[in-house]
Amino acid sequence: MRRSCRFERYLTAFADGELPEKLNSKVETHLARCAACASELDSIRASDRILKGHGAPVVSNDKWAQFRSDLKLKLDAVDRESRRAARVREARPVHAPVRRRAYALAAACVVVLLMILTVGPLGVGPWRGGTAAANNECIVDSIESLAAGYTPMFFSSQDPEMTVIWVFSEEVEGGIRGEGPGAK
Amino acid sequence: MRTTVIGCSIALLAMLAVSTSVASPREIQIDVTSIAATTRPASASERGKAIVELDPQLGPFSKNLRALFAYDSYTFLNKDRDTVEFGDATVFNLPDHLSIEVAPEQLGRDGSDMIEMVVTLFREEPRGKGERRRRTPEREVILRTKIRLKNGGTVLLGGPPINGGVLVLALTARG
(Lines give C-alpha, C1' and ligand atoms only; values in the text may rest on other atoms or scores of the structure.)
Protein backbone atom coordinates (compact mmCIF):
# COMPACT_ATOMS: atom_id res chain seq x y z
CA MET A 1 0.00 0.00 0.00
CA ARG A 2 1.37 3.35 -0.99
CA ARG A 3 2.02 5.66 1.91
CA SER A 4 0.13 8.91 1.32
CA CYS A 5 2.05 12.13 1.38
CA ARG A 6 0.81 15.01 3.49
CA PHE A 7 0.85 17.33 0.43
CA GLU A 8 -1.35 15.00 -1.60
CA ARG A 9 -4.56 16.67 -0.37
CA TYR A 10 -3.46 20.01 -1.89
CA LEU A 11 -2.72 18.65 -5.35
CA THR A 12 -6.23 19.12 -6.86
CA ALA A 13 -6.41 22.73 -5.68
CA PHE A 14 -2.79 23.27 -6.89
CA ALA A 15 -3.75 21.96 -10.34
CA ASP A 16 -6.71 24.39 -10.42
CA GLY A 17 -4.53 27.31 -9.20
CA GLU A 18 -6.69 27.82 -6.12
CA LEU A 19 -4.03 27.62 -3.39
CA PRO A 20 -2.81 30.69 -1.51
CA GLU A 21 0.52 31.96 -2.71
CA LYS A 22 2.53 30.82 0.29
CA LEU A 23 1.10 27.29 0.26
CA ASN A 24 1.37 27.19 -3.50
CA SER A 25 5.15 27.78 -3.32
CA LYS A 26 5.53 25.12 -0.62
CA VAL A 27 3.75 22.59 -2.83
CA GLU A 28 5.96 23.57 -5.74
CA THR A 29 9.11 22.99 -3.63
CA HIS A 30 7.71 19.64 -2.48
CA LEU A 31 6.85 18.53 -6.01
CA ALA A 32 10.46 19.09 -7.05
CA ARG A 33 11.66 16.37 -4.70
CA CYS A 34 8.57 14.04 -4.36
CA ALA A 35 8.14 11.79 -7.38
CA ALA A 36 4.88 10.30 -6.05
CA CYS A 37 3.17 13.68 -5.71
CA ALA A 38 4.51 14.77 -9.11
CA SER A 39 3.04 11.62 -10.65
CA GLU A 40 -0.30 12.18 -8.89
CA LEU A 41 -0.34 15.78 -10.17
CA ASP A 42 0.23 14.54 -13.68
CA SER A 43 -2.77 12.19 -13.32
CA ILE A 44 -4.97 15.00 -12.05
CA ARG A 45 -3.98 17.26 -14.93
CA ALA A 46 -4.55 14.45 -17.44
CA SER A 47 -8.07 13.86 -16.02
CA ASP A 48 -8.79 17.57 -16.24
CA ARG A 49 -7.70 17.65 -19.86
CA ILE A 50 -9.99 14.71 -20.70
CA LEU A 51 -12.99 16.29 -18.95
CA LYS A 52 -12.40 19.69 -20.56
CA GLY A 53 -12.17 17.99 -23.98
CA HIS A 54 -15.66 16.47 -23.69
CA GLY A 55 -17.48 19.49 -22.27
CA ALA A 56 -20.68 19.38 -20.16
CA PRO A 57 -23.31 16.79 -21.17
CA VAL A 58 -26.48 18.13 -22.76
CA VAL A 59 -29.59 17.31 -20.67
CA SER A 60 -33.00 17.62 -22.29
CA ASN A 61 -35.87 19.49 -20.63
CA ASP A 62 -37.78 16.21 -20.20
CA LYS A 63 -34.86 14.71 -18.29
CA TRP A 64 -34.69 17.79 -16.07
CA ALA A 65 -38.47 17.56 -15.44
CA GLN A 66 -38.16 13.86 -14.60
CA PHE A 67 -35.21 14.62 -12.32
CA ARG A 68 -37.12 17.38 -10.50
CA SER A 69 -40.17 15.13 -10.09
CA ASP A 70 -38.07 12.28 -8.68
CA LEU A 71 -36.24 14.67 -6.39
CA LYS A 72 -39.53 16.16 -5.13
CA LEU A 73 -40.94 12.70 -4.41
CA LYS A 74 -37.85 11.73 -2.45
CA LEU A 75 -37.80 15.01 -0.52
CA ASP A 76 -41.52 14.62 0.28
CA ALA A 77 -40.86 11.12 1.55
CA VAL A 78 -38.05 12.44 3.77
CA ASP A 79 -40.36 15.19 5.08
CA ARG A 80 -43.15 12.72 5.82
CA GLU A 81 -40.75 10.48 7.72
CA SER A 82 -39.46 13.45 9.73
CA ARG A 83 -42.98 14.62 10.57
CA ARG A 84 -44.04 11.10 11.65
CA ALA A 85 -41.02 10.79 13.92
CA ALA A 86 -41.79 14.22 15.41
CA ARG A 87 -45.43 13.19 16.06
CA VAL A 88 -44.31 10.01 17.83
CA ARG A 89 -41.89 12.00 19.97
CA GLU A 90 -44.67 14.46 20.78
CA ALA A 91 -47.17 11.75 21.72
CA ARG A 92 -44.69 9.78 23.76
CA PRO A 93 -42.44 12.07 25.70
CA VAL A 94 -39.63 10.27 27.39
CA HIS A 95 -40.79 10.37 31.03
CA ALA A 96 -44.50 11.18 30.99
CA PRO A 97 -45.94 7.69 30.41
CA VAL A 98 -43.70 6.08 33.00
CA ARG A 99 -44.67 8.75 35.49
CA ARG A 100 -48.38 8.38 34.66
CA ARG A 101 -48.19 4.63 35.05
CA ALA A 102 -46.36 5.02 38.35
CA TYR A 103 -49.07 7.39 39.62
CA ALA A 104 -51.79 5.00 38.50
CA LEU A 105 -50.05 2.11 40.20
CA ALA A 106 -49.57 4.10 43.39
CA ALA A 107 -53.26 5.07 43.38
CA ALA A 108 -54.27 1.43 42.86
CA CYS A 109 -52.04 0.36 45.75
CA VAL A 110 -53.56 3.00 48.02
CA VAL A 111 -57.07 1.82 47.11
CA VAL A 112 -56.18 -1.83 47.79
CA LEU A 113 -54.52 -0.95 51.10
CA LEU A 114 -57.54 1.10 52.14
CA MET A 115 -59.77 -1.84 51.31
CA ILE A 116 -57.55 -4.14 53.37
CA LEU A 117 -57.58 -1.68 56.27
CA THR A 118 -61.35 -1.28 56.05
CA VAL A 119 -62.62 -4.83 55.66
CA GLY A 120 -59.49 -6.90 56.22
CA PRO A 121 -57.95 -9.41 53.82
CA LEU A 122 -60.14 -12.40 53.23
CA GLY A 123 -62.44 -11.15 55.95
CA VAL A 124 -59.85 -11.64 58.67
CA GLY A 125 -58.42 -8.97 60.93
CA PRO A 126 -59.05 -6.60 63.74
CA TRP A 127 -61.03 -4.31 61.45
CA ARG A 128 -63.71 -6.91 61.12
CA GLY A 129 -65.39 -6.13 64.39
CA GLY A 130 -68.06 -3.90 62.94
CA THR A 131 -69.27 -6.31 60.31
CA ALA A 132 -68.76 -9.50 62.25
CA ALA A 133 -70.57 -8.34 65.36
CA ALA A 134 -73.80 -9.93 64.18
CA ASN A 135 -72.07 -13.24 63.55
CA ASN A 136 -71.83 -14.81 66.98
CA GLU A 137 -71.28 -18.39 65.95
CA CYS A 138 -69.86 -20.31 68.87
CA ILE A 139 -69.03 -23.98 69.26
CA VAL A 140 -68.70 -25.34 72.78
CA ASP A 141 -66.13 -28.14 72.78
CA SER A 142 -66.20 -28.87 76.49
CA ILE A 143 -67.85 -27.53 79.61
CA GLU A 144 -67.42 -28.46 83.27
CA SER A 145 -67.67 -27.14 86.79
CA LEU A 146 -65.22 -28.22 89.49
CA ALA A 147 -67.10 -26.55 92.35
CA ALA A 148 -69.85 -28.15 94.39
CA GLY A 149 -73.34 -26.74 93.90
CA TYR A 150 -72.87 -25.60 90.30
CA THR A 151 -74.21 -27.23 87.19
CA PRO A 152 -72.97 -25.96 83.85
CA MET A 153 -74.89 -26.09 80.59
CA PHE A 154 -75.12 -24.21 77.34
CA PHE A 155 -77.64 -23.49 74.65
CA SER A 156 -77.64 -21.66 71.34
CA SER A 157 -80.26 -19.44 69.83
CA GLN A 158 -80.64 -18.76 66.12
CA ASP A 159 -82.56 -15.50 66.32
CA PRO A 160 -80.74 -13.65 67.72
CA GLU A 161 -77.69 -15.75 67.00
CA MET A 162 -76.12 -16.22 70.40
CA THR A 163 -74.67 -18.97 72.54
CA VAL A 164 -75.30 -18.84 76.27
CA ILE A 165 -73.06 -20.71 78.66
CA TRP A 166 -74.74 -20.87 82.02
CA VAL A 167 -73.78 -22.26 85.34
CA PHE A 168 -76.76 -23.01 87.53
CA SER A 169 -76.19 -22.41 91.20
CA GLU A 170 -78.20 -24.16 93.85
CA GLU A 171 -77.94 -20.96 95.85
CA VAL A 172 -79.90 -19.02 93.25
CA GLU A 173 -81.99 -21.46 91.34
CA GLY A 174 -82.59 -24.20 93.85
CA GLY A 175 -81.53 -26.61 91.14
CA ILE A 176 -82.00 -26.65 87.38
CA ARG A 177 -85.34 -25.42 86.20
CA GLY A 178 -86.61 -26.47 82.88
CA GLU A 179 -87.58 -23.03 81.65
CA GLY A 180 -84.08 -21.56 81.56
CA PRO A 181 -82.22 -18.74 83.30
CA GLY A 182 -84.36 -16.32 85.20
CA ALA A 183 -87.59 -18.22 84.59
CA LYS A 184 -90.31 -17.50 87.13
CA MET B 1 -41.10 -0.05 31.86
CA ARG B 2 -38.53 -1.57 34.13
CA THR B 3 -39.37 1.00 36.81
CA THR B 4 -43.06 0.13 36.56
CA VAL B 5 -42.37 -3.58 36.94
CA ILE B 6 -40.12 -3.00 39.94
CA GLY B 7 -42.65 -0.64 41.53
CA CYS B 8 -45.46 -3.11 40.91
CA SER B 9 -43.45 -5.94 42.45
CA ILE B 10 -42.60 -3.90 45.55
CA ALA B 11 -46.22 -2.85 45.98
CA LEU B 12 -47.43 -6.45 45.66
CA LEU B 13 -44.85 -7.65 48.17
CA ALA B 14 -45.87 -4.90 50.59
CA MET B 15 -49.52 -5.82 50.24
CA LEU B 16 -48.70 -9.49 50.72
CA ALA B 17 -46.73 -8.67 53.85
CA VAL B 18 -49.61 -6.59 55.24
CA SER B 19 -52.11 -9.30 54.40
CA THR B 20 -49.99 -12.01 56.01
CA SER B 21 -49.41 -10.04 59.16
CA VAL B 22 -53.08 -9.22 59.44
CA ALA B 23 -54.29 -12.70 58.54
CA SER B 24 -52.36 -14.34 61.35
CA PRO B 25 -52.44 -12.01 64.37
CA ARG B 26 -50.43 -12.93 67.42
CA GLU B 27 -52.91 -11.54 69.88
CA ILE B 28 -56.57 -10.93 70.30
CA GLN B 29 -58.63 -8.29 72.00
CA ILE B 30 -61.06 -9.40 74.66
CA ASP B 31 -64.01 -7.33 75.86
CA VAL B 32 -65.93 -8.39 78.94
CA THR B 33 -69.12 -6.57 79.86
CA SER B 34 -70.51 -7.38 83.31
CA ILE B 35 -74.26 -7.27 83.82
CA ALA B 36 -76.32 -7.88 86.95
CA ALA B 37 -79.62 -9.59 86.21
CA THR B 38 -82.29 -9.57 88.87
CA THR B 39 -85.86 -10.69 89.30
CA ARG B 40 -88.10 -8.49 91.39
CA PRO B 41 -91.39 -9.52 92.95
CA ALA B 42 -94.17 -8.58 90.55
CA SER B 43 -96.80 -6.18 91.86
CA ALA B 44 -100.50 -6.73 91.15
CA SER B 45 -100.49 -4.09 88.40
CA GLU B 46 -97.41 -5.55 86.70
CA ARG B 47 -98.55 -9.15 86.87
CA GLY B 48 -98.84 -10.61 83.42
CA LYS B 49 -96.96 -7.73 81.81
CA ALA B 50 -93.43 -8.07 80.46
CA ILE B 51 -91.82 -4.92 81.86
CA VAL B 52 -88.04 -5.20 81.67
CA GLU B 53 -85.71 -2.60 83.10
CA LEU B 54 -82.66 -2.36 80.94
CA ASP B 55 -79.66 -0.17 81.59
CA PRO B 56 -79.16 2.21 78.62
CA GLN B 57 -75.47 1.21 78.53
CA LEU B 58 -76.52 -2.29 77.60
CA GLY B 59 -77.94 -1.17 74.28
CA PRO B 60 -75.85 -3.52 72.12
CA PHE B 61 -77.04 -6.51 74.13
CA SER B 62 -80.62 -5.48 74.83
CA LYS B 63 -82.11 -7.65 72.08
CA ASN B 64 -80.19 -10.72 73.25
CA LEU B 65 -80.98 -10.18 76.91
CA ARG B 66 -84.68 -9.70 76.30
CA ALA B 67 -84.91 -12.67 73.96
CA LEU B 68 -82.81 -15.16 75.90
CA PHE B 69 -83.50 -14.50 79.57
CA ALA B 70 -86.50 -13.90 81.74
CA TYR B 71 -85.09 -11.49 84.30
CA ASP B 72 -86.86 -8.26 85.12
CA SER B 73 -83.88 -5.98 85.38
CA TYR B 74 -80.45 -5.77 83.79
CA THR B 75 -77.88 -3.39 85.25
CA PHE B 76 -74.61 -2.51 83.61
CA LEU B 77 -71.77 -3.10 86.06
CA ASN B 78 -68.51 -2.71 84.20
CA LYS B 79 -66.75 -3.13 80.89
CA ASP B 80 -63.14 -4.27 80.66
CA ARG B 81 -60.87 -4.70 77.70
CA ASP B 82 -57.54 -6.44 77.41
CA THR B 83 -55.25 -7.73 74.71
CA VAL B 84 -53.74 -11.15 75.11
CA GLU B 85 -51.38 -13.23 73.02
CA PHE B 86 -52.21 -16.70 71.88
CA GLY B 87 -50.89 -19.20 74.39
CA ASP B 88 -51.18 -16.67 77.18
CA ALA B 89 -54.13 -15.82 79.46
CA THR B 90 -55.74 -12.71 80.84
CA VAL B 91 -57.86 -12.34 83.96
CA PHE B 92 -60.74 -9.92 84.50
CA ASN B 93 -61.86 -9.20 88.04
CA LEU B 94 -65.61 -9.35 88.59
CA PRO B 95 -67.88 -8.46 91.52
CA ASP B 96 -68.29 -10.69 94.56
CA HIS B 97 -64.83 -12.29 94.43
CA LEU B 98 -65.47 -13.62 90.98
CA SER B 99 -62.99 -13.50 88.14
CA ILE B 100 -62.84 -14.77 84.61
CA GLU B 101 -59.75 -16.01 82.83
CA VAL B 102 -59.60 -16.06 79.05
CA ALA B 103 -56.84 -18.08 77.39
CA PRO B 104 -56.88 -17.90 73.59
CA GLU B 105 -55.20 -20.88 71.96
CA GLN B 106 -55.37 -20.28 68.25
CA LEU B 107 -57.22 -18.57 65.45
CA GLY B 108 -58.36 -20.00 62.20
CA ARG B 109 -57.72 -23.71 62.68
CA ASP B 110 -58.71 -25.58 59.51
CA GLY B 111 -59.00 -22.27 57.68
CA SER B 112 -62.01 -21.15 59.71
CA ASP B 113 -62.34 -17.71 61.24
CA MET B 114 -62.92 -19.02 64.75
CA ILE B 115 -60.96 -18.16 67.87
CA GLU B 116 -60.30 -21.18 70.01
CA MET B 117 -60.05 -20.39 73.71
CA VAL B 118 -60.49 -21.70 77.20
CA VAL B 119 -62.67 -19.61 79.49
CA THR B 120 -62.59 -20.21 83.22
CA LEU B 121 -64.83 -18.59 85.80
CA PHE B 122 -63.38 -18.53 89.31
CA ARG B 123 -64.73 -17.66 92.69
CA GLU B 124 -62.40 -17.02 95.60
CA GLU B 125 -63.18 -19.35 98.44
CA PRO B 126 -64.44 -17.43 101.46
CA ARG B 127 -62.07 -17.79 104.36
CA GLY B 128 -63.39 -19.00 107.68
CA LYS B 129 -62.96 -17.03 110.89
CA GLY B 130 -59.55 -17.44 112.44
CA GLU B 131 -58.19 -19.02 109.31
CA ARG B 132 -54.60 -18.05 108.67
CA ARG B 133 -53.97 -15.64 105.87
CA ARG B 134 -52.94 -17.51 102.73
CA ARG B 135 -50.38 -16.02 100.40
CA THR B 136 -52.52 -16.91 97.42
CA PRO B 137 -56.25 -17.14 97.86
CA GLU B 138 -57.73 -20.44 96.81
CA ARG B 139 -60.09 -20.26 93.93
CA GLU B 140 -62.72 -22.69 92.94
CA VAL B 141 -63.52 -23.28 89.32
CA ILE B 142 -67.20 -22.55 88.88
CA LEU B 143 -67.03 -23.04 85.14
CA ARG B 144 -64.42 -24.10 82.68
CA THR B 145 -65.28 -24.29 79.01
CA LYS B 146 -63.40 -24.63 75.80
CA ILE B 147 -65.07 -22.80 72.96
CA ARG B 148 -64.53 -21.76 69.36
CA LEU B 149 -66.00 -18.30 68.89
CA LYS B 150 -66.40 -16.52 65.58
CA ASN B 151 -63.80 -13.80 65.26
CA GLY B 152 -65.49 -10.61 66.43
CA GLY B 153 -68.40 -12.54 67.89
CA THR B 154 -69.91 -12.49 71.38
CA VAL B 155 -70.86 -15.26 73.76
CA LEU B 156 -72.90 -14.81 76.92
CA LEU B 157 -71.83 -16.48 80.15
CA GLY B 158 -73.58 -16.29 83.46
CA GLY B 159 -75.24 -17.84 86.41
CA PRO B 160 -73.10 -17.09 89.49
CA PRO B 161 -75.10 -15.31 92.20
CA ILE B 162 -74.22 -11.71 93.04
CA ASN B 163 -76.07 -9.24 95.26
CA GLY B 164 -79.43 -10.94 95.11
CA GLY B 165 -79.23 -11.48 91.37
CA VAL B 166 -77.03 -13.29 88.94
CA LEU B 167 -74.01 -12.22 86.96
CA VAL B 168 -74.19 -12.20 83.18
CA LEU B 169 -71.06 -11.64 81.12
CA ALA B 170 -70.87 -10.68 77.47
CA LEU B 171 -67.50 -11.84 76.17
CA THR B 172 -66.35 -10.57 72.79
CA ALA B 173 -63.12 -11.73 71.12
CA ARG B 174 -61.51 -10.11 68.15
CA GLY B 175 -58.32 -11.30 66.47
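Residues numbered from 1 in each chain as written. Chains lettered and ligands numbered in written order. Predicted model: local features only at pLDDT ≥ 70, side-chain atom pairs only at ≥ 80, totals over all residues.

### A word on the overall build of chain A
Link 1 in the chain: When you go through chain A residue by residue, the secondary structure sums to 7 helices and 3 strands.
Link 2 in the chain: The secondary structure elements of chain A, listed N-terminal to C-terminal, are α-α-α-α-α-α-β-β-β-α.
Link 3 in the chain: With 184 residues in all, chain A has 14% of them scored as buried.
Link 4 in the chain: Sequence-distant contacts, at least 24 apart, represent 35% of the contacts inside chain A between residues at least 6 apart. (Helix = DSSP H or I, 4+ residues; strand = E, 2+ residues; numbered from the N terminus. Buried ≥ 20, exposed ≤ 12 C-beta atoms within 10 Å, placed from the backbone. Contact = placed C-beta atoms within 7 Å.)

### Some details on the overall build of chain B
Link 1 in the chain: Within chain B one finds 2 helices and 9 strands.
Link 2 in the chain: Moving toward the C terminus, one meets the helices and strands of chain B in the order α-β-β-α-β-β-β-β-β-β-β.
Link 3 in the chain: For chain B, the residues scored as buried account for 34% of the 175 residues in total.
Link 4 in the chain: Within chain B, counting contacts between residues at least 6 apart in sequence, those at least 24 apart form 55% of the total.

### Focus on the nonpolar core
All names here are of chain B.
Link 1 in the chain: Residues Leu-169 and Leu-171 are the most contacted members of the largest nonpolar core, which totals 46 residues.
Link 2 in the chain: At 7 residues, the largest contribution of residues to this core is made by strand S9 (residues 165-174).
Link 3 in the chain: When neighbours within four sequence positions are excluded, Leu-169 is seen to be in contact with Val-32, Thr-33, Ser-34, Ile-100, Leu-156, Leu-157 and Gly-158. (Core = buried A, V, L, I, M, F, W, Y, C linked by C-beta atoms within 7 Å.)

### Describing helix H3 (residues 35-54) of chain A
Since there are 3.6 residues in each turn of an α-helix, residues three or four apart along the chain are aligned in direction.
All names here are of chain A.
Link 1 in the chain: Here H3 spans 29 Å end to end across 20 residues, near enough to the 28 Å set by a 1.5 Å rise per residue.
Link 2 in the chain: When H3 is considered as a whole, its buried residues turn out to be Cys-37, Glu-40 and Leu-41. Each buried residue of H3 sits inside an arc of 100° when the element is viewed along its axis, so together they form one side. Along H3, exposed side chains directed more than 90 degrees from the buried face belong to Ala-35, Ser-39, Asp-42, Ser-43, Ala-46, Arg-49, Ile-50, Gly-53 and His-54.
Link 3 in the chain: Looking at the packing, one finds that the buried side of H3 touches helix H1 (11-15) and helix H2 (21-33).
Link 4 in the chain: Looking at the residues trailing H3, positive phi occurs at Gly-55, about 75°. (Expected span 1.5 Å × (residues − 1). Arc of directions from axis to C-beta.)

### Quick word on the sheet that holds strand S2 (residues 53-54) of chain B
Link 1 in the chain: Read from one edge to the other, the open sheet built from 7 strands follows the order S2(A)-S3(A)-S8(B)-S9(B)-S1(B)-S3(B)-S2(B), with strand pairing classed as mixed. If you trace the sheet from one side to the other, it starts and ends with strand S2 (150-157) of chain A together with S2 of chain B, each paired once. (Pairing = 2+ DSSP bridges.)

### Some remarks on the sheet that holds strand S7 (residues 139-150) of chain B
Link 1 in the chain: The 5 strands are arranged S1(A)-S7(B)-S6(B)-S5(B)-S4(B) in an open sheet whose pairing can be described as antiparallel. Among the strands making up the open sheet, the edge pair consists of strand S1 (138-144) of chain A together with strand S4 (90-93) of chain B. For this sheet, the mean inter-axis angle between neighbouring strands, taken without regard to orientation, is 20°. (Axes fitted to C-alpha atoms, helices over the stretch in contact; angles between N-to-C directions.)

### With respect to unusual backbone geometry
A negative phi angle is the norm for most residues apart from glycine, just as the trans form is the norm for most peptide bonds.
Residues and elements named next belong to chain B.
Link 1 in the chain: Here Asp-96, not a glycine, exhibits a phi torsion of approximately 55°, which is positive.
Link 2 in the chain: Locating Asp-96 in the fold gives a position in the loop between S4 and strand S5 (98-107).
Link 3 in the chain: With a phi angle near 60°, His-97 is a residue other than glycine that sits in the positive phi range.
Link 4 in the chain: Structurally, His-97 can be placed in the loop between S4 and S5.
Link 5 in the chain: Given 15 C-beta atoms within 10 Å, His-97 falls into the partly exposed group.

### Considering the pairing of strand S6 (residues 114-124) of chain B
Residue and element names in this part refer to chain B.
Link 1 in the chain: Buried residues dominate S6, accounting for 9 of its 11 residues.
Link 2 in the chain: Of the pairings in the sheet, the one linking S5 to S6 comprises 9 bridges and is antiparallel in character. Across the sheet, Ala-103 pairs through a bridge with Val-118, a residue of S6.
Link 3 in the chain: Linkage of S5 to S6, two consecutive antiparallel strands, is achieved through a turn of 6 residues, within which Gly-108 is found at a positive phi near 75°.
Link 4 in the chain: One ladder, built from 11 bridges, connects S6 with S7; its direction is antiparallel. The residue bridging Thr-120 from the neighbouring strand is Arg-144, located in S7.

### Digging into the pairing of strand S3 (residues 73-85) of chain B
Residues and elements named next belong to chain B.
Link 1 in the chain: Pairing of strand S1 (residues 27-38) with S3, which is carried by 12 bridges, proceeds in the antiparallel orientation. Bridge pairing in S3 places Glu-27 opposite Glu-85.
Link 2 in the chain: Here 2 bridges tie S2 to S3, and the two strands are oriented parallel to one another. Paired with Leu-54 across the bridge in S3 is Tyr-74.

### Considerations on the environment of Cys138(A)
Link 1 in the chain: Topologically, Cys138(A) is positioned in strand S1.
Link 2 in the chain: Sequence spacing of Cys138(A) and Met162(A) is 24 residues, and the spatial spacing of their C-alpha atoms is 7.6 Å.
Link 3 in the chain: Those residues in contact with Cys138(A), other than ones at most four positions away along the chain, are Thr163(A), Ile147(B), Arg148(B), Leu149(B), Lys150(B), Gly153(B) and Val155(B).

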